[in-house]
Amino acid sequence: MKEKFLQFTEWAQKEWLAIVIFMTIVSLFFLCLVFLSWLLGYWLKALYGYNFELNSCWTGVSAVGAALGLIAALAKAAWTKYATDSRYNSPPAEPVDRQAIVKKIREEVKNG
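Remember, it's a predicted structure, so these values are computed and weren't measured experimentally.

Undergrad: For this particular structure, what's the right way to read the overall build of the chain?
TA: Of the regular secondary structure elements, the chain holds four helices and zero strands. Taken from N to C terminus, the helices and strands of the chain fall in the order α-α-α-α. Relative to the 2.2 N^0.38 estimate, which gives 13 Å for 112 residues, the radius of gyration of the chain is 22 Å and therefore markedly larger than a compact globule would have. Principal-axis analysis of the C-alpha atoms places the extent of the chain at approximately 70 × 35 × 15 Å. Residue burial in the chain is summarised as follows: out of 112 residues, 18% are buried. Here the chain displays about 8,900 Å² of accessible surface, and carbon together with sulfur accounts for 69% of that area.

Right, dumping it as structure tokens:
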């Protein structure tokens with residue numbers, strides 16, 4: 001189980017930008033659903049007299065907005081770590097050797 005978790009974290013470190021983009025697209029999809037329900041409720045109330053609480057849409061917009069803020073914070077944290085690693089933990093103009101770092105961490109975990 002520990003090995004699978006380490007494999008997942010290695011994959012997530014490699015693909016962090018794709019994960020952030022995917023999370024953003026999913027959140028924007030939910031935001032579009034909230035706006036669509038808002039528009040539909042507005043028109044159904046106007047045309048047919050249905051009762052639709054428009055305040056519930058503001059709650060949905062707030063939740064999606066909070067999710068987008070969380071995604072932005074995670075992206076900033078990942079980007080800051082990447083920039084710090086690039087600036088201080090590797091020679092100038094050379095990429096960070098993440099495989100060596102992951103192997104070192106695995107050895108430390110195995111050895112206790």
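Undergrad: How do you make sense of the environment of Leu 74 when you look at a structure like this?
TA: On the secondary structure map, Leu 74 appears in helix H3 (residues 55-88). For the pair Leu 74 and Val 20, spaced 54 residues apart in sequence, the C-alpha to C-alpha distance is 7.9 Å.

Undergrad: Hey, could you run me through empty space enclosed by the protein in this one?
TA: The rolling of a water-molecule-sized probe over the atoms marks out the regions of remaining empty space. Going through the model one piece at a time under the given rule, you end up with one cavity of 30 Å³ or more. Roughly 40 Å³ of internal volume is contained in the largest cavity. Lining the largest cavity are Glu 10, Gln 13, Lys 14, Arg 98, Gln 99 and Val 102. When contributions to the lining of the largest cavity are tallied by element, the ones reaching two or more residues are helix H1 (2-14) and helix H4 (98-111).

Undergrad: Looking at this model, I keep getting lost on the nonpolar core. Mind explaining?
TA: For soluble globular proteins, nonpolar side chains are generally found buried alongside one another. Core analysis: the largest hydrophobic core is formed by five residues, namely Leu 31, Val 34, Cys 57, Val 61 and Val 64. Secondary structure elements with two or more residues in this core: helix H2 (16-48) and H3. For this core, the element with the highest residue contribution is H3, accounting for three residues. If we skip the residues at most four places from it in the chain, Leu 31 touches Val 61 and Val 64.

Undergrad: I would appreciate a short explanation of the layout of surface pockets in the present structure.
TA: By volume, the largest pocket amounts to about 310 Å³. Around the largest pocket, the lining is made up of 13 residues, and of these Ala 12, Gln 13, Trp 16, Leu 74 and Ala 78 lie nearest the centre. For the lining of the largest pocket, the elements supplying multiple residues, two or more each, are H1, H2 and H3. Per-element tally for the lining of the largest pocket: the top contributor is H3, with six residues. Residue composition of the lining of the largest pocket, by class: ten nonpolar, one polar and two charged.

Undergrad: Is there a simple way to think about the packing of H1 against H4 in this case?
TA: When two helices pack together, their arrangement is captured by the angle between the axes and the distance separating the axes. Between H1 and H4, the least distance of the axes is 12 Å, while the angle of their chain directions is 155°. It follows that H1 is roughly antiparallel to H4 by the angle criterion. H4 is crossed by H1, and the crossing has right-handed handedness. The segment H1 lies against H4, with Lys 2, Glu 3, Leu 6, Gln 7, Glu 10, Gln 13 and Lys 14 engaging Gln 99, Val 102, Arg 106, Val 109 and Lys 110. Residue composition of the contact of H1 with H4, by class: three nonpolar, three polar and six charged.

Quick notes on the rules
- Residues numbered from 1 in each chain as written.
- Predicted model: local features only at pLDDT ≥ 70, side-chain atom pairs only at ≥ 80, totals over all residues.
- Heavy atoms only, no water.
- Helix = DSSP H or I, 4+ residues; strand = E, 2+ residues; numbered from the N terminus.
- Rg over C-alpha atoms; globule rule 2.2 N^0.38 Å.
- Buried < 20%, exposed > 50% of the residue type's maximum accessible area, 1.4 Å probe, protein only.
- Areas by Shrake-Rupley, 256 points an atom, 1.4 Å probe, with all protein chains shown as cover.
- 1 Å grid on protein atoms, 1.4 Å probe; cavity = no way out; pocket = protein on both sides within 12 Å on 5 of 7 lines; lining within 4 Å.
- Points joined across faces, edges and corners; volume = space filled by probe spheres on them.
- Core = buried A, V, L, I, M, F, W, Y, C linked by side-chain atoms within 4.5 Å.
- Contact = heavy atoms within 4.5 Å.
- Nonpolar A, V, L, I, M, F, W, Y, C, P; charged D, E, K, R; others polar.
- Axes fitted to C-alpha atoms, helices over the stretch in contact; angles between N-to-C directions.
- Parallel < 35°, antiparallel > 145°, perpendicular 65-115°, else oblique.
- Left-handed = near helix turned anticlockwise from the far one by under 90°.

On their own, these measurements won't tell you what the molecule is for.
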